[in-house]
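# Topology and contacts: notes
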Amino acid sequence: MTRSPARATPEIHSRILAEPGSLPHAALSGGAEIALPSAAALDPLALPPPRAARLGPEVFGTSGPETRSRLEAVLRGEGYFVSTGHQPVLLLGPFYVIYKTLTAISLAAHLERMLQRPVVPLFWIAADDHDWAEVGRTTLLDREDAARTLALSVPEGSDRRSVGSHGLSPSMMSILDEIGDILPISEFTSGYMKLIRDAYSEQATVSQAFARLLHAILGDRGYAWVDSAQPALGRAAVPMYRRMLADWGAVLEAGDLGARRVMESGFEAPIAEIDGALPLFFDDGGGRRRLRRDGEGFRAAPSGPGESMGTWRGRIETSPARFSPNVASRPVLESWLLPVAATVLGPGEIAYWSQLPPLFEALEVPIPSVQPRTAWTLIEPRIRRILDRTGVSARELSEGAEPAMARLTREARPENLERALRQLRERTESGLEEVEQVVGEQVPGLRAAVGKTRRGMLGAAAELSRQVDRETRRRLDVRLGQVRRAADNLFPGKRPQERTLSPLPFLCRYGPEFLDRLARETDRRVASSLAPPGTGG
């Protein structure tokens with residue numbers, strides 16, 4: 001992408017990723033039974049020695065030739081990976097996918113300097129996922145800051161099939177025609193539109209399109225990626241699948257123990273344990289099914305008899321591509337296949353990792369250190385102007401626009417009118433109390449009538465107050481519309497920006513230099529998190 005002269009770009013404000021009192025915070029804080037090893041406390045002497053990977057270089061993509069040579073060194077057993085990953089979500093999905101990738105790139109560079117060995121950031125594309133509702137949609141801000149959600153149509157009969165290996169049919173990709181009417185118009189837009197169309201060609205699979213667009217947007221930042229739907233990865237995983245089947249009792253016990261530790265720490269277990277279900281899927285032709293213990297054997301179909309251990313061992317050997325890990329066993333498989341020193345996770349991932357240490361231990365796989373991804377709120381220049389003009393803070397909009405709009409309306413009501421309405425209510429209450437007292441003493445049969453009068457008079461006063469609010473809002477219409485626009489930008493649907501919005505409109509508006517700024521801020525944040533206490537790092 002061609003860079004233009006410097007322009008005003010969004011403010012980048014750090015967010016708290018794991019709120020105090022949450023499961024992710026407990027898992028990261030140390031000391032608890034569910035605490036995870038932290039990349040900030042990574043001890044080079046405690047790291048398992050580098051080992052050769054169980055995958056060859058041919059299954060990886062890299063962002064450039066230098067990364068390819070460093071990747072090959074790591075695969076030979078001369079270094080480590082820093083991993084992160086996500087499903088191959090449409091058009092890269094929400095902003096946090098970029099944040100996770102930039103965090104992994106930064107952490108790998110810091111660890112490489114510390115360990116004096118090659119450390120390659122790796123993006124694991126979880127193409128075996130079957131959650132089309134998540135993978136097949138993305139939300140973009142249009143030119144008026146309204147959220148527009150685009151969604152792929154699910155291929156018929158594929159709602160429980162792995163998404164990554166599906167090709168992009170013309171009907172699935174008709175949404176590309178909508179993007180040009182949504183993205184902001186700038187000197188960068190046509191370039192990004194070309195990247196999107198090149199990535200999402202009809203010859204690509206869902207995973208390939210995701211990898212192409214990620215690479216096209218990030219450029220050569222020294223990272224690699226792997227598509228979990230590749231047959232070679234399934235073949236390499238056969239020994240681990242065999243182990244899970246043979247040691248099914250220990251695997252199930254590890255899952256129960258992990259869930260129990262989380263619950264004993266006062267939290268709900270994020271990975272629901274299904275009685276007798278291994279953390280392993282089998283595609284029976286109709287969709288991915290959990291492999292479940294059934295008598296002396298196992299079954300994957302929703303109904304029907306179980307089949308023997310030998311039958312399932314044979315399927316693993318002859319059809320490994322039909323098997324895939326679940327959310328619990330995927331991290332274990334990744335670290336079994338590859339020498340992973342650390343992994344970059346978001347808050348939801350940290351939550352479910354908190355119940356995984358027993359499974360790592362049961363399958364004798366070293367658990368990587370955990371680095372939380374960076375989290376940012378981006379305040380665009382026009383949104384900053386709205387906040388300054390209205391006196392509303394970004395934090396105030398975290399619950400949506402309405403609370404801030406109500407405050408502005410209250411503050412805009414004419415002070416003397418507000419005082420007069422308050423006095424009217426007070427006099428009405430006082431006068432009615434006196435009437436009620438006299439009626440109670442002298443004409444008790446009229447109590448109901450007094451009550452009705454009270455409700456009518458106070459209701460009329462309240463309606464007058466509402467009319468004042470409506471008129472005030474009408475006079476404030478432009479300002480309140482701006483507040484709503486700011487809320488839709490910063491907290492769409494009352495959710496953090498990064499969890500909902502695609503980065504594409506921001507990139508089209510501000511260009512590649514904005515991504516460079518994000519990378520620099522991420523690097524500063526990661527460096528600070530790794531600095532020893534007291535260094536001020």
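Residues numbered from 1 in each chain as written. Predicted model: local features only at pLDDT ≥ 70, side-chain atom pairs only at ≥ 80, totals over all residues. Heavy atoms only, no water.

Attention now moves to empty space enclosed by the protein. Enumeration over the complete set of coordinates arrives at 3 cavities of 30 Å³ or more. In this model, the largest cavity occupies a volume close to 130 Å³. In this structure, the largest cavity is lined by 14 residues; those nearest its centre are G255, E273, P279, A328 and L359. Within the residue set of the lining of the largest cavity, elements represented by two or more residues are α10 (248-264) and β8 (277-283). Taken together, the residues that form the lining of the largest cavity break down as 9 nonpolar, 3 polar and 2 charged. (1 Å grid on protein atoms, 1.4 Å probe; cavity = no way out; pocket = protein on both sides within 12 Å on 5 of 7 lines; lining within 4 Å. Points joined across faces, edges and corners; volume = space filled by probe spheres on them. Helix = DSSP H or I, 4+ residues; strand = E, 2+ residues; numbered from the N terminus. Nonpolar A, V, L, I, M, F, W, Y, C, P; charged D, E, K, R; others polar.)

Of the voids in this model, the largest pocket is the one considered here, and its volume is about 1,100 Å³. What lines the largest pocket is a set of 43 residues, among which H86, Q87, Y96, D129 and E134 lie closest to the centre. For the lining of the largest pocket, the elements supplying multiple residues, two or more each, are β3 (80-86), α3 (96-115), β5 (137-141), β9 (288-294), α12 (329-337), β12 (340-345), α13 (347-353) and α20 (497-500). At 5 residues, the largest contribution of residues to the lining of the largest pocket is made by α13.

With that settled, the discussion passes to the sheet that holds strand β4 (residues 119-125). Spatial ordering of the open sheet is given by β2-β7-β4-β3-β12-β13, a layout of 6 strands whose pairing is mixed. Every other strand in the sheet has two partners, leaving β2 (60-62) and β13 (369-372) as the edge strands with one partner each. Between one strand axis and the next, the sheet turns by 30° as a mean value, whatever way the strands run. Pairing between β12 and β13: 4 bridges, direction parallel. What sits directly across from A342, in β13, is S369. On top of the sheet, helix α2 (residues 65-78) reaches β2, β3, β4 and β7 (224-227); it is set at about 145° to β2, its chief contact. (Pairing = 2+ DSSP bridges. Axes fitted to C-alpha atoms, helices over the stretch in contact; angles between N-to-C directions. Contact = heavy atoms within 4.5 Å.)

Applying the stated criterion to the full structure yields 12 aromatic pairs. On the basis of an interplanar angle of 20° and a centroid distance of 5.3 Å, the ring pair of F95 and Y99 is categorised as stacked. Assigned by exposure class, F95 and Y99 land together as buried. Their ring planes at 80° and their centres at 6.2 Å tell us that W312 and F323 sit as a pair that is edge-to-face. (Phe/Tyr/Trp six-rings, centres within 6.5 Å; stacked < 30°, edge-to-face > 60°. Buried < 20%, exposed > 50% of the residue type's maximum accessible area, 1.4 Å probe, protein only.)

A few words now on the nonpolar core. Counting 58 residues, the largest nonpolar core has I196, Y200, L213, I217, L378 and L518 as the members making the most contacts within it. Counting residues per element, this core draws most heavily on helix α7 (residues 206-218), at 8 residues. Ignoring anything within four residues of it in the chain, the contact list for L213 reads L91, L92, L195, I196, A199 and Y200. Counting residues in hydrophobic clusters, the runner-up holds 57 residues, among them L36, W124, V238 and L245. (Core = buried A, V, L, I, M, F, W, Y, C linked by side-chain atoms within 4.5 Å.)

Contact geometry of helix α6 (residues 189-199) with α7 gives a least axis separation of 8 Å together with a crossing angle of 150°. Judged on the interaxial angle alone, α7 and α6 are roughly antiparallel. Of the two elements, α6 crosses α7, and the hand of that crossing is right-handed. For the pair formed by α6 and α7, the contact residues are Y192, L195, I196, D198 and A199 on the first element and A209, R212, L213, A216 and I217 on the second. Residue composition of the contact of α6 with α7, grouped by class: 8 nonpolar, no polar and 2 charged. (Parallel < 35°, antiparallel > 145°, perpendicular 65-115°, else oblique. Left-handed = near helix turned anticlockwise from the far one by under 90°.)

There is a patch of like negative charges on the surface, built from E253, D256, E273 and D275. Within the element layout of this structure, E273 appears in the loop between α10 and β8. (Patch = residues over 30% accessible without salt bridge, like charges linked within 9 Å, V, L, I, M, F, W, Y side chains within 5 Å. Areas by Shrake-Rupley, 256 points an atom, 1.4 Å probe, with all protein chains shown as cover. Salt bridge = Lys/Arg side-chain N within 4 Å of Asp/Glu carboxyl O. Lys, Arg positive; Asp, Glu negative; His and termini not counted. Charge placed at Lys NZ, Arg CZ, Asp CG, Glu CD.)

All told, the structure shown has 27 salt bridges when counted by the stated rule. Between D128 and R330 there is a salt bridge; the shortest N-O distance is 3.1 Å. Highlighted residues: D128 in the loop between β4 and α4 (132-135) and R330 in helix α12, separated in sequence by 202 residues. Salt-bridge contacts for R197 lead to D177; the nearest nitrogen and oxygen are separated by 3.9 Å. With a gap of 20 residues between them, R197 in helix α6 and D177 in helix α5 (residues 176-179) connect regions that are remote in the sequence. What makes R197 partly exposed here is its relative accessible area of 38%. Owing to a relative accessible area of 56%, D177 belongs among the exposed residues under this scheme. Linked by salt bridges that have partners in common, D145, E380, R382, R485 and R509 make up one network.

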